[in-house]
Amino acid sequence: MSGLSLTAFTEKYKKLVEQELKHSISQLAAPEIILDSMHYSLSAGGKRIRPLLTFATMSAFGKDPETGMLPAAAIEMIHTYSLIHDDLPSMDDDDLRRGIPTNHKVYGEAIAILAGDALLTYAFQLVTAMKFDAETKIKVLEIIAKAAGAEGMVGGQVGDIEGEGKNLSKEDLEYIHVHKTGKMLEASILIGAVLAGADKEQMELLTSFAYHLGLAFQIRDDILDVEGDEELIGKPLGSDVHNHKSTYPALLTMDGAKKELTYHLSAAKEKLNQLSLKTGLLEEMTDLVGNRNS
């Protein structure tokens, strides 16, 4: 549908989703400080990989990606809320996020918590404003809620906290990564598929694709925390070690982690190859996940 290269596609739809995020926040009748805090973290940068996955999935089905703008923006709001809360002193206690002070360092802990809460709840309001039928809206809401909640991102975050200072097994570490990171990536893909009218087999293949992509994404994060460029990453290297977290390089050695990354990237692309769709953008995004340097 798009007919664009990945670079052009990314530039176009990243700009559009950022415009939507800014516009959506500006519509809220709320205290200025909470709006400023929400906007501060939403506009702090980032690759917008989650909304781009939604758009790329819709494009694979030949659908107009812009019709998925509101749920894509909602996914980015939920991701941003999770980062605000993840940086808090009671969680990872980070001072920097994407090279600038974290939300609670600028607005204080109370406002940062409330800004995260506001982004999470507003995300669901945005989905209800989609120009789709009620059944489709309910499916999208269910996918997002499950991915963000106790069975998804929150459950993974709990596992991450509980696992600090412990020698976790590969299975335990995989649970954390699949749920803390992977489930929201999966939701980004699946909502695009739902909006595009995917059938059961296509949904199953895209779910498997998302599983491998999510693990590859987090393994690459673990690797970057050890040997990445601190300026590009936007926070100090070695934060996982500092926070006593288990990682793939620590568990499998750096060479083992890189082999695991290669396996999941290959498995993800294999699932895409089983789809009779125009998955070029998704394949290129998979390569980008494996090669990204921030």
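Residues numbered from 1 in each chain as written. Predicted model: local features only at pLDDT ≥ 70, side-chain atom pairs only at ≥ 80, totals over all residues. Heavy atoms only, no water.

**A few points about the overall build of the chain**
Link 1 in the chain: Regarding its fold elements, the chain presents 14 helices and two strands.
Link 2 in the chain: For the chain, the C-alpha radius of gyration of 18 Å lies close to 19 Å, the compact-globule estimate for 294 residues.
Link 3 in the chain: Dimensions of the chain along its principal axes, counting C-alpha atoms only, are 50 × 45 × 35 Å.
Link 4 in the chain: Counting across all 294 residues of the chain, residues that qualify as buried make up 52%.
Link 5 in the chain: Across the chain, every contact between residues at least 6 apart in sequence was considered, and the portion connecting residues at least 24 apart equals 74%.
Link 6 in the chain: As displayed, the chain has an accessible area near 13300 Å², and 52% of this comes from carbon and sulfur atoms.
Link 7 in the chain: With 29 positive and 44 negative side-chain charges, the chain shows a spacing of 4 Å between the two charge centroids. (Helix = DSSP H or I, 4+ residues; strand = E, 2+ residues; numbered from the N terminus. Rg over C-alpha atoms; globule rule 2.2 N^0.38 Å. Buried < 20%, exposed > 50% of the residue type's maximum accessible area, 1.4 Å probe, protein only. Contact = heavy atoms within 4.5 Å. Areas by Shrake-Rupley, 256 points an atom, 1.4 Å probe, with all protein chains shown as cover. Lys, Arg positive; Asp, Glu negative; His and termini not counted. Charge placed at Lys NZ, Arg CZ, Asp CG, Glu CD.)

**Points about the packing of aromatic side chains**
Link 1 in the chain: With the rule as written, the count across this model stands at three aromatic pairs.
Link 2 in the chain: Centroid distance Y40 to Y107: 5.7 Å. Interplanar angle 70°. Geometry classified as edge-to-face. With Y40 in helix α2 (residues 32–42) and Y107 in helix α5 (residues 103–107), this pair connects stretches of sequence that are 67 residues apart.
Link 3 in the chain: Judged by relative accessible area, Y107 falls into the partly exposed class, the value being 23%.
Link 4 in the chain: Ring pairing ties together the aromatic residues F9, Y13 and F55, which thus form one cluster. (Phe/Tyr/Trp six-rings, centres within 6.5 Å; stacked < 30°, edge-to-face > 60°.)

**Details of the environment of T54**
Link 1 in the chain: Tracing the backbone through its elements, the reader meets T54 in helix α3 (residues 49–60).
Link 2 in the chain: Residues T54 and I189, spaced 135 residues apart in sequence, show a C-alpha to C-alpha distance of 5.1 Å.
Link 3 in the chain: Not counting chain neighbours up to four residues away, the residues in contact with T54 comprise G68, A72, S188, I191 and G192.

**Overview of unusual backbone geometry**
Link 1 in the chain: The phi dihedral of D93 falls on the positive side, at around 55°, and the residue is not glycine.
Link 2 in the chain: Secondary-structure assignment places D93 in the loop between α4 (69–86) and β1 (96–97).
Link 3 in the chain: Take D93: its relative accessible area is 44%, and that puts it in the partly exposed class.
Link 4 in the chain: In this structure, R98 is a non-glycine residue whose phi angle is positive, near 55°.
Link 5 in the chain: Along the chain, R98 turns up in the loop between β1 and β2 (100–101).

**Overview of helix α7 (residues 134–148)**
Link 1 in the chain: For α7, built from 15 residues, the straight-helix expectation of 21 Å at 1.5 Å per residue is met to within 8% by its first-to-last C-alpha distance of 21 Å.
Link 2 in the chain: Buried within α7 are the following residues: T136, K137, V140, I143, I144, A147 and A148. For α7, the angular spread of the buried residues around the axis is 130°, confining them to a single face. Turned more than 90 degrees off the buried face of α7, the exposed positions are A134, E135, I138 and E142.
Link 3 in the chain: Where α7 is buried, its residues touch α4, α6 (109–128), α8 (153–162) and α9 (170–196).
Link 4 in the chain: If you check the start of α7, you find a side-chain oxygen 3.1 Å away from the backbone N of E135, and it comes from D133. (Expected span 1.5 Å × (residues − 1). Arc of directions from axis to C-beta. Polar contact = N/O pair within 3.5 Å; in protein donor to acceptor, adjacent residues only side chain to side chain.)

**Describing the pattern of salt bridges**
Link 1 in the chain: Summed over all chains, the structure comprises 13 salt bridges.
Link 2 in the chain: One network of salt bridges, with partners in common, ties together E18, R48 and E76. (Salt bridge = Lys/Arg side-chain N within 4 Å of Asp/Glu carboxyl O.)

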